[in-house]
Amino acid sequence: MTTQLGFHVDMEKCIGCKACEAACKDFYRLPPEVRWRRVRSFETGEFPKAIRVHLSLACNHCEDPACMKGCPVEAYTKRADGLVIHDPTACIGCQYCTWTCPYSVPQFDPEQGVVSKCNGCYQLVDQGQLPRCVQACLTGALSFGEVVAHEAQKRQAVRQAPGFPDPSVTRPATRFAWPEKGPQPDRRVRVAPPAGDGTSVGGAAETVVAAAGEVR
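Below: a short report on this structure.

Calculation rules
Residues numbered from 1 in each chain as written. Predicted model: local features only at pLDDT ≥ 70, side-chain atom pairs only at ≥ 80, totals over all residues. Heavy atoms only, no water. Helix = DSSP H or I, 4+ residues; strand = E, 2+ residues; numbered from the N terminus. Buried < 20%, exposed > 50% of the residue type's maximum accessible area, 1.4 Å probe, protein only. Salt bridge = Lys/Arg side-chain N within 4 Å of Asp/Glu carboxyl O. Pairing = 2+ DSSP bridges. Axes fitted to C-alpha atoms, helices over the stretch in contact; angles between N-to-C directions.

1. A look at the environment of Val148
Alright, step 1. When you line up the elements, Val148 lands in helix H6 (residues 147-153).
Alright, step 2. Exposure remark for Val148: the relative accessible area of 54% places this residue in the exposed category.
Alright, step 3. Through-space distance from the C-alpha of Val148 to that of Thr3 is 8.5 Å; in sequence the pair is 145 residues apart.

2. Here's the deal with the pattern of salt bridges
Alright, step 1. A complete count under the given rule lists 8 salt bridges for this structure.
Alright, step 2. Between Asp81 and Arg79 there is a salt bridge, with its nearest N and O atoms 2.6 Å apart.
Alright, step 3. Overall, Asp81 belongs to the buried group, its relative accessible area being 13%.
Alright, step 4. Residue class for Arg79 comes out partly exposed when judged on its relative accessible area of 22%.

3. Re the sheet that holds strand E9 (residues 175-177)
Alright, step 1. In space, the 3 strands of this open sheet follow the order E8-E1-E9, with mixed pairing throughout. Unpaired on one side and paired on the other, strand E8 (142-146) and E9 mark the two borders of the sheet. Averaged over neighbouring strand pairs, the angle between their axes works out to 25 degrees when direction is ignored.

This is the structure in structure tokens:
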């Protein structure tokens, strides 16, 4: 593998408009039950200085993808640029990958009878374009490129976010910038369930308290 592409999410800039969600669903014509990119919201700080921050997540294109390990028919491949691609023509709909992924990324598509997930818009990337979600972001909160460039150029670029499972398990390529006005990655924050599905980033059914990890 020559490089590792991934997303960078700046929580200071995200306003929770969900334009990234809408752009992804529209581009891929996803059914209502399936969201490859999902915006979560959480609250941090204490009254009267509490703030609400938003977090946009899709596939993390992990260095060691658990979805690929859990697939019995090898429907997943990892490209030389680090993007993890799912082949729906090889998928048998067993949903093993939905159980093995700690980030609840692969989702069962009831219309097609197979699993689907974010593929990093590799077809656009191959043409020198950015993923649709990044193109649609109104505030520049989402960016995409080589992880080493994020770590060298972007603000903060830590490996952990509120409610995000332990990154040491699969080594996700996504990097985060925490809101400057709130607690920083070495503190603890309370994650609020997103509207609509009552789950946290990792798929837990209730509010979670998460501590951030180290800077890579």
